[in-house]
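Coordinate analysis (summary)
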Amino acid sequence: DAQNAGTVLKWAISVEGTADYKNEPWTEYNNAKNAVKKAEDAIAKLATSEKLAAQAKLVDPKVSITRAGAYIDAITSGKKILAKNAAFEAAVKAGNLDQIEKEYHVVTEEFRKQTILNYRVYGQSTRDEILKEYKLPIEKTVRGYANEVTVHMLTKAAAADVKANKLEEA
């Protein structure tokens, strides 16, 4: 059962399988974890010579669980990044420079934090699809406004320096 659940999970997170990069395969993940747990409990009752052979059969399902964990984390973090990006885009549409700057910093911080999880996904083709789904849209939006936000920040700093009579710094 553990081996079968591990195989189902492996295909649920694979480009060649049913992975859609938008939905976490929680059912398959939990089924595999539960099946491995049951198998480990049953293995604990076996004789020592039989334990090694049985434990060897759990290697692949455990690898699939680890890989699926990274896949699920990447999708979850990607959704967080997209939510922060939506707030940034709303600020851009509103045209409030202070709000744009604030949301820009929020989305870029979240982007730096969460992108690490995207690179933990196993398999180049699967990782590429995750990055295409979650990283590229944010990079495009953020890069499009980086100069404007920087100029706004420097202008505010210069105005504050002038107000404080720090003309050289301004």
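Shown above is the structure to which this text applies.
The following paragraphs examine the structure supplied in this document.

Parameters and conventions
Residues numbered from 1 in each chain as written. Predicted model: local features only at pLDDT ≥ 70, side-chain atom pairs only at ≥ 80, totals over all residues. Heavy atoms only, no water. Axes fitted to C-alpha atoms, helices over the stretch in contact; angles between N-to-C directions. Helix = DSSP H or I, 4+ residues; strand = E, 2+ residues; numbered from the N terminus. Parallel < 35°, antiparallel > 145°, perpendicular 65-115°, else oblique. Left-handed = near helix turned anticlockwise from the far one by under 90°. Contact = heavy atoms within 4.5 Å. Buried < 20%, exposed > 50% of the residue type's maximum accessible area, 1.4 Å probe, protein only. Arc of directions from axis to C-beta. Core = buried A, V, L, I, M, F, W, Y, C linked by side-chain atoms within 4.5 Å.

Attention now goes to the packing of helix α2 (residues 26-44) against helix α4 (residues 59-94). Running from N to C, α2 and α4 cross one another at 150 degrees; their axes reach a closest spacing of 10 Å. On the basis of the axis angle, α2 is roughly antiparallel to α4. In terms of crossing hand, the pair formed by α2 and α4 is left-handed. Where α2 abuts α4, its residues W26, Y29, A32, K33, V36 and E40 lie against P61, K62, I65, A68, G69 and I72.

Below, the discussion takes up helix α1 (residues 2-12). Of all the positions in α1, only A2, A5, G6, L9 and A12 are classed as buried. With its buried residues spanning 120 degrees around the axis, α1 presents them on a single face. Lining the buried residues of α1 we find α2 and α4.

Our focus in this paragraph is the nonpolar core. One finds A2, L9, Y29, I65, Y71 and I130 to be the most contacted residues of the largest nonpolar core, which totals 23 residues. Elements with a minimum of two residues in this core: α1, α2, α4 and α6 (124-163). Not counting residues up to four positions away in its chain, the partners in contact with A2 are A35, V36, A39, L58 and P61. With 10 residues, the next largest nonpolar core counts F88, A91, V107 and F111 among its residues.

Read these as spatial facts, not as claims about activity.
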